[in-house]
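Close look at the chain arrangement
Take a look at the letters that make up each chain.
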Amino acid sequence: MKFNIKYTIIAFLSLSVSFLSAQEREKDTIDTDVVNVIKPYTPTISDAFKIKETAQLNDSVNTKKKDIRYNIFSIPVASTFTPAKGKAAAVDKEKPVKLYDNYASLGVGSYTTILGEVYLNHAISRTERVGGYFSHHSSQGNIDNIRFDNNFSETGLSAHYSQKLRDYSWKVEGGLELQSFNWYGVPDQSIDLFDVDHSFYAGHFGGNIDFEDAIINKGSVLYRRFGDNQDSGENRFVLTSEFDIPISGEDVTTELTFDYIGGSFDRFYSFNQELNYGNFNIGLAPSYQLKEDDLTVDLGARLVYLNDTEASENKFFIYPNISASYRLVGDLMIAYAGIKGGLIQNSYFDFAQENPFVSPTLFIAPTDQVYNASLGLKGRLSNAVSYNVSGHYIADNNKALFQANPLLGNPETNYQYGNSFGIVYDDVTTFSIAGEINVDVNRNFKLGMKAEYFTYDTDLQAEAWNLPDIKASLFLDYQINKHWFAGANVFYVGERKDLFQEEGILVLPNPTVMTLDSFFDVNAHIGYRITDQLSAFAKANNIANQDYQQWMNYPVQRIQFLAGATYQFDF
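Because the structure is predicted, anything quoted here is derived from the model rather than measured.

**Concerning the overall build of the chain**
Secondary structure summary: the chain contains two helices and 28 strands in total. Among the 571 residues that make up the chain, the fraction classed as buried is 32%. Pairs at least 24 residues apart make up 57% of the contacts formed inside the chain by residues separated by at least 6 positions. A total accessible area of about 36700 Å² is found for the chain, and carbon and sulfur atoms account for 57% of it.

**Details of the nonpolar core**
Tyr348 and Leu362 are the most contacted members of the largest nonpolar core, which has 36 residues in total. Put simply, the parts of the chain that give this core at least two residues each are strand 6 (197-211), strand 9 (250-265), strand 10 (275-292), helix 2 (348-354), strand 15 (385-404) and strand 17 (421-442). For this core, the element with the highest residue contribution is helix 2, accounting for four residues. If we ignore the near neighbours within four places in the chain, the residues touching leucine 362 are Phe265, Leu275, Tyr348, Phe351, Phe421, Gly422 and Ile423.

**Description of the pattern of salt bridges**
Taken as a whole and assessed by the stated rule, the structure comprises nine salt bridges. Residues aspartate 396 and lysine 399 are paired through a salt bridge, measuring 3.7 Å at the closest nitrogen-oxygen approach. Lysine 497 is the partner of glutamate 463 in a salt bridge, and the nearest nitrogen-oxygen pair spans 3.9 Å. You can see glutamate 463 sitting in the loop between strand 18 (445-458) and strand 19 (470-479) and its partner lysine 497 sitting in strand 21 (residues 496-500), a full 34 residues away along the chain. Judged by its relative accessible area of 26%, lysine 497 is partly exposed. What emerges from the salt-bridge pattern is a single network uniting Asp144, Asp547 and Arg558.

**Some words on a negative patch on the surface**
On the surface, a cluster of negative charge is contributed by Asp167, Asp210, Glu212 and Asp213. The residue aspartate 210 is located in strand 6 in this model. When its relative accessible area of 34% is taken as the criterion, aspartate 210 is described as partly exposed.

**Side note on the packing of aromatic side chains**
Per the counting criterion, the structure on display carries 37 aromatic pairs. Relative to tyrosine 425, the ring of phenylalanine 363 has its centre 6.4 Å away and its plane inclined at 90°; by these criteria the two rings are edge-to-face. In this pair, phenylalanine 363 sits in the loop between helix 2 and strand 14 (367-380) while tyrosine 425 sits in strand 17, placing the two residues 62 residues apart along the sequence. Judged by its relative accessible area of 16%, tyrosine 425 falls in the buried class. Over the ring of tyrosine 336 we find lysine 378; its NZ or CZ atom is 5.4 Å from the centre of that ring.

**Re the environment of phenylalanine 194**
As for its placement among the helices and strands, phenylalanine 194 is situated in the loop between strand 5 (168-182) and strand 6. Taking C-alpha positions, phenylalanine 194 is 7.6 Å from phenylalanine 148, a pair spaced 46 residues apart along the chain. Ignoring any residue separated from it by four or fewer positions in sequence, one finds phenylalanine 194 in contact with Phe148, Val186, Asn414 and Tyr417.

**Things to note about the confidence of the model for the chain**
Do not read the predicted coordinates in detail wherever pLDDT is low. Averaged over every residue, the pLDDT of the chain is 86; the share at 70 or more is 82%. Segment residues 45-65: pLDDT under 50, and two contacts once partners within four positions in sequence are set aside and those in other chains are kept. Counting contacts from residues 70-75, a segment whose pLDDT is below 50, to residues more than four positions away or on other chains yields zero contacts.

**Considerations on a nonpolar patch on the surface**
The grouping of Tyr478, Ile480, Trp484, Ile526, Tyr528, Ile530, Leu534 and Tyr567 at the surface amounts to a nonpolar patch, some 690 Å² of accessible area in total. Within the fold, isoleucine 530 resides in the loop between strand 24 (519-529) and strand 25 (534-541).

**Some remarks on the environment of methionine 333**
With respect to the helices and strands, methionine 333 occurs in strand 13 (residues 333-344). Sequence separation between methionine 333 and tyrosine 387 is 54 residues; the distance between their C-alpha atoms is 9.3 Å. Those residues in contact with methionine 333 that lie beyond four places of it in its chain are Tyr326, Arg327, Leu328, Leu377, Lys378, Gly379 and Tyr387.

**A closer look at the pairing of strand 14**
By the bridge criterion, ten bridges tie strand 13 to strand 14 in an arrangement that is antiparallel. By the bridge assignment for strand 14, glycine 338 is matched with serine 374. Counting the residues that bridge the hairpin from strand 14 to strand 15 gives four residues.

**Structural notes on the pairing of strand 15**
Examined bridge by bridge, strand 14 and strand 15 share twelve bridges and lie antiparallel to one another. By the bridge assignment for strand 15, aspartate 368 is matched with asparagine 397. Looking at chain direction, strand 15 and strand 17 are connected through 18 bridges and run antiparallel. For alanine 400, the partnering residue across the bridge sits in strand 17 and is tyrosine 425.

**Re unusual backbone geometry**
Positive phi values are uncommon outside glycine, yet threonine 112 reaches one of about 50°. Structurally, the position occupied by threonine 112 is in the loop between strand 1 (102-109) and strand 2 (113-123). Here the phi dihedral of aspartate 231 falls at roughly 65°; this positive angle occurs in a residue that is not glycine. Looking at aspartate 231, the relative accessible area reads 60%, which means it is exposed.

**Describing the environment of aspartate 331**
You can see aspartate 331 is positioned in the loop between strand 12 (313-329) and strand 13. In the structure, aspartate 331 is positioned 51 residues away from serine 382 in sequence and 9.8 Å away in space, judged by C-alpha atoms. Once residues within four sequence positions are removed from consideration, aspartate 331 is found in contact with Gly379 and Arg380.

**Details of the side chain of glutamine 179**
Looking at where glutamine 179 falls in the secondary structure, it is placed in strand 5. A relative accessible area of 8% places glutamine 179 in the buried class. Among the polar contacts made by the side chain of glutamine 179, one reaches the side chain of glutamate 154 at a distance of 3.2 Å. If sequence neighbours within four positions are ignored, glutamine 179 has contacts with Ser153, Glu154, His198, Ser199, Phe200 and Gln353.

Reading guide: rules and limits
- Residues numbered from 1 in each chain as written.
- Predicted model: local features only at pLDDT ≥ 70, side-chain atom pairs only at ≥ 80, totals over all residues.
- Heavy atoms only, no water.
- Helix = DSSP H or I, 4+ residues; strand = E, 2+ residues; numbered from the N terminus.
- Buried < 20%, exposed > 50% of the residue type's maximum accessible area, 1.4 Å probe, protein only.
- Contact = heavy atoms within 4.5 Å.
- Areas by Shrake-Rupley, 256 points an atom, 1.4 Å probe, with all protein chains shown as cover.
- Core = buried A, V, L, I, M, F, W, Y, C linked by side-chain atoms within 4.5 Å.
- Salt bridge = Lys/Arg side-chain N within 4 Å of Asp/Glu carboxyl O.
- Patch = residues over 30% accessible without salt bridge, like charges linked within 9 Å, V, L, I, M, F, W, Y side chains within 5 Å.
- Lys, Arg positive; Asp, Glu negative; His and termini not counted.
- Charge placed at Lys NZ, Arg CZ, Asp CG, Glu CD.
- Phe/Tyr/Trp six-rings, centres within 6.5 Å; stacked < 30°, edge-to-face > 60°.
- Lys NZ or Arg CZ within 6 Å of the ring centre and 35° of its normal.
- pLDDT = per-residue confidence, 0-100.
- Pairing = 2+ DSSP bridges.
- Polar contact = N/O pair within 3.5 Å; in protein donor to acceptor, adjacent residues only side chain to side chain.

In structure tokens:
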């Protein structure tokens, strides 16, 4: 390669010299010369040289750059302009809704119905509050094809005081309740009329306390006295507390309960002898929570000691208390399962609130819920839609079932005409499947739907009396605009079974299983907000105008209308 370069340079110089000589002679011809190579060229490293990156110009004429100056020909002008500061564009904001601590509501309607409520809540200081609640609901009845009095009345009054301090908060409350009903469900409405009035009274006092960063988390106490105009009386005292027990650096949450109940009825249903009942139970339920990634497990058990003070019997129960949940897809899909159990303390108060037509002749005993196994899936379909699908399998020993009392041949009281209900106990297993969906687009629109299907298996009883096979409900609330709002709720209850019995000296017992038809109960309301504090409303109940029976021989009022107003205020 070096050989070629050298010869190329020699040839180029030779041509250059010849070209310059021709120019000097100003001849158009080129003379030929002979070049004799005496020795072949052998290049060496020393012959190589580095070409300079920047060539040096050997130009006889160097042009010097001319300096250019730019001048602005300006003339001073007097000006009064003052630039203004930048200002953000105004955005129209909706005025926040004013929330009031108190309200009063009053409505009147068909069947001479009166509905009233007053709620009070006042802040005494930054840490203290006091309040109260009053409610009244009454109606004159006038149910179709019922000759006996069927009016009812419910009145309640309660008050509370609370205080929130740095390390703990506490609250005390008390109240009174008066209820009046009628045993109007006499199978034979053509017999001579008699007084079927039945009234209840209740008084309660209790409180609760919550601690911050303490071994004891919370505690509560409740005392209730309940009775009626048939010389019945019941006392209930419940004490609960929750605390943490540190074990090997881990906290085991433990719940301790004490539940006492004692009462008496003036007589049994079929014969005149005082009926007394009473028991207390002590429960201890430790549990430990384990969390790892998307899995949460609560491991625990419930231990209960029961003492029947009337029968002088003692029993000890052990129940599972286990639950778990796993986030399959974040909040979109959560699987959960559990198996729990417990001793359910039945009471005259609870039975009367569920079925106000019970007779004051009940045998009160607790229910042993051996286990309640559940399996489900819940989550969110979107930010506005949530769902919950579950299944339950429940085993109850000594489960309480409402059953119609028999019609006695020679009634001595106003509830022995087949127009009241008693309690029977049986071992019942229940299987249910439930589905629920909630739509909460914003605070202006809310929709909830739920349906549940049941199957029962009894031990001694022919049927699971008065338990429905299907229950469904729908709730809707809609804020139409600034002034108008509306809502609706629909209830569906499936078929139930009850037993009609007639007893007497000359009448042989002939129990007949009766089927109560399923029913829809459709209710709706609409309201208009006149001012921020005053609004008017109208309600319609049982819009389908059905005369269904919630309990055997007890039809309800047909379509009902009610209108009223609500006033909100602050002190």
